[in-house]
Amino acid sequence: MIYERVALIGLGLIAGSMSLAMRRTGLAGEVVGTSRSRATRETAREIGLVDHVFDTAAEAVEGADLVVIATPIGAMEAVAREIAPHLKPGATVTDVGSVKRRVIEAVAPHLPDGVHFVPAHPMAGTEHSGPESGFAELFDNRWCLITPIEGGDPSAVERLTALWNGLGANVDAMDPDHHDLVCAVTSHAPHLIAYTMVGVADDLRRVTDSEVVKYSAAGFRDFTRIAASDPTMWRDVFLTNKDATLEILGRFTEELFALQRAIRTGDGQMLHDYFTRTRAIRRGIIEAGQDTAAPDFGRGGAKGTR
Ligand code: NAP
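Residues numbered from 1 in each chain as written. Predicted model: local features only at pLDDT ≥ 70, side-chain atom pairs only at ≥ 80, totals over all residues. Heavy atoms only, no water.

*Asks:* Sorry if this is basic, but what is going on with the overall build of the protein here?
*Replies:* Of regular secondary structure, the protein possesses 12 helices and eight strands. Over its C-alpha trace the protein gives a radius of gyration of 21 Å, about what one expects of a compact globule, namely 19 Å for 306 residues. With respect to the three principal axes, the spread of C-alpha positions in the protein is 65 × 40 × 35 Å. Looking at the protein as a whole, 44% of its 306 residues are labelled buried. (Helix = DSSP H or I, 4+ residues; strand = E, 2+ residues; numbered from the N terminus. Rg over C-alpha atoms; globule rule 2.2 N^0.38 Å. Buried < 20%, exposed > 50% of the residue type's maximum accessible area, 1.4 Å probe, protein only.)

Rendered as structure tokens:
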């Protein structure tokens, strides 16, 4: 057992998966939680997602050794403010937000002395959300990035690292700004591109009738999975990782123009060289065990990741 009592604030995909994975290997003595809406709290109670569901975050964190803030990023400051007076001295507070610098700025100032804040981001997810979407295997062989704050307690970082290892994840420590840039490339910009592509196809549907949906397996379908992700979560990601995302989108636009020019001028060599380079990246991801080489993106077994 790593923590005697863990409190989850928010009971969606990530918190639910953490609870189920903690149970799998007995990482916590007791897991309690709370969620903003009565409906989610009721569902969590019905399916026994955690050992006890409280009506408020203030009650949930009483006596907890670890508090996990697992709400959309935009709600984290208010949560920190609400729980601060109720935290147990010596407790660790962590979060699972997909952006790190802004979360540190929003949460850290509200926490009392003697409470350790260790920000983290499990790089695993699906396009589903809510209390019934979690599963214990979500973090298996995925990465969790921990971005320790300056002057933080190394033993609190070590303990949280042990928890994430126990949940199935590999853990790396990273500077928060660097984390935000890496995620802008690997996750945030790709999501925006998928949202855009699906939006364009939706506009075109008027001219193509239902053909976009009917023939979607040609590639479009994979964009639609990403573009079905939770709107609130992704709104908050773009609002809070603005600079890094805009930087990557600027580069993306330049590359897109270069490819457009190659198509217009019939520069087949350029296109072939480009696609050869990108194919090697896919191979590298498979070799790193972060996806399957099965055709059609391993449909029929593999769960989505992000
Ligand atoms: P989710 O399934 O949509 O669950 C979100 C939870 O936060 C729900 O319990 C919801 O409560 C609560 N919540 C929503 N708005 C709130 C507010 N304004 N104040 C207080 N609570 C609020 O979300 P998730 O996918 O678990 O994501 C949670 C966090 O994990 C996000 O910060 C996200 O960036 C991060 N993350 C997500 C993924 C992913 O792929 N999904 C991957 C890595 C990290 P109600 O249901 O009661 O309204």
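Alright, that's what it looks like, and here's the rest.
*Asks:* I keep staring at the packing of aromatic side chains and nothing clicks. Help me out?
*Replies:* Geometry of an aromatic ring pair is reported as the spacing of the ring centres plus the angle between the planes. One pass over the full model with this rule turns up three aromatic pairs. A ring pair is formed by F139 and W164, whose centres lie 4.9 Å apart and whose planes are at 85°; its orientation type is edge-to-face. With F139 in the loop between β6 (116-123) and β7 (143-146) and W164 in helix α6 (residues 154-166), the pair connects residues that are 25 residues apart, well separated along the chain. The exposure class assigned to W164 is buried, which follows from its relative accessible area of 1%. Their ring planes at 85° and their centres at 6.5 Å tell us that Y274 and F275 sit as a pair that is edge-to-face. Assessed through its relative accessible area of 18%, Y274 is described here as buried. (Phe/Tyr/Trp six-rings, centres within 6.5 Å; stacked < 30°, edge-to-face > 60°.)

*Asks:* Where do I start with the pattern of salt bridges in this structure?
*Replies:* Think of it this way: side chains of opposite charge can pair up when their charged atoms draw near. Across all of its chains, the model carries 14 salt bridges by this definition. Between D51 and R23 there is a salt bridge; the shortest N-O distance is 3.4 Å. With D51 in the loop between α2 (38-47) and β3 (52-54) and R23 in helix α1 (residues 13-25), the pair connects residues that are 28 residues apart, well separated along the chain. Under the relative-accessibility criterion, D51 is labelled partly exposed at 44%. The exposure class assigned to R23 is partly exposed, which follows from its relative accessible area of 42%. Where D177 meets R101, a salt bridge forms, and the shortest distance between an N and an O atom there is 3.0 Å. Of this pair, D177 sits in helix α7 (residues 176-208) while R101 is found in helix α5 (residues 101-107), placing the two residues 76 residues apart along the sequence. Look at D177 and you get partly exposed, because its relative accessible area is 42%. (Salt bridge = Lys/Arg side-chain N within 4 Å of Asp/Glu carboxyl O.)

*Asks:* Looking at this model, I keep getting lost on the sheet that holds β6. Mind explaining?
*Replies:* Think of a sheet as strands paired side by side through backbone hydrogen bonds, with each pair either parallel or antiparallel. Taken together, the eight strands give an open sheet; going across it, the order is β3-β2-β1-β4-β5-β6-β7-β8, and neighbouring strands pair in mixed fashion. Of all strands in the sheet, those with a lone pairing partner are β3 and β8 (170-173), marking the two edges. The sheet shows a mean angle of 25° between the axes of neighbouring strands, direction not considered. Lying over the sheet, helix α4 (residues 76-83) contacts β1 (3-9), β4 (66-69) and β5 (92-95), oriented at roughly 150° with respect to β4. (Pairing = 2+ DSSP bridges. Axes fitted to C-alpha atoms, helices over the stretch in contact; angles between N-to-C directions. Contact = heavy atoms within 4.5 Å.)

*Asks:* What's the story with the confidence of the model for the protein in this structure? I'm lost.
*Replies:* The predicted coordinates of low-pLDDT regions are not to be read in fine detail. On average, residues of the protein score 94 in pLDDT, and 96% of them reach the 70 mark or higher. In the predicted structure, residues 301-306 sits below a pLDDT of 50 and forms 18 contacts with residues beyond four places in sequence or in another chain. (pLDDT = per-residue confidence, 0-100.)

*Asks:* When you look at the packing of α1 against α6 in this model, what are you seeing that I'm missing?
*Replies:* If you want to describe how two helices pack, look at the angle between their axes and the distance between the axes. Where α1 contacts α6, the two axes come as close as 9 Å, and the packing angle between them is 85°. With respect to their mutual orientation, α1 and α6 come out roughly perpendicular. Where α1 approaches α6, its residues M18, M22, R24 and T25 are matched on the opposing element by L163, W164 and G166. In terms of residue class, the contact of α1 with α6 is made up of four nonpolar, two polar and one charged. (Parallel < 35°, antiparallel > 145°, perpendicular 65-115°, else oblique. Nonpolar A, V, L, I, M, F, W, Y, C, P; charged D, E, K, R; others polar.)

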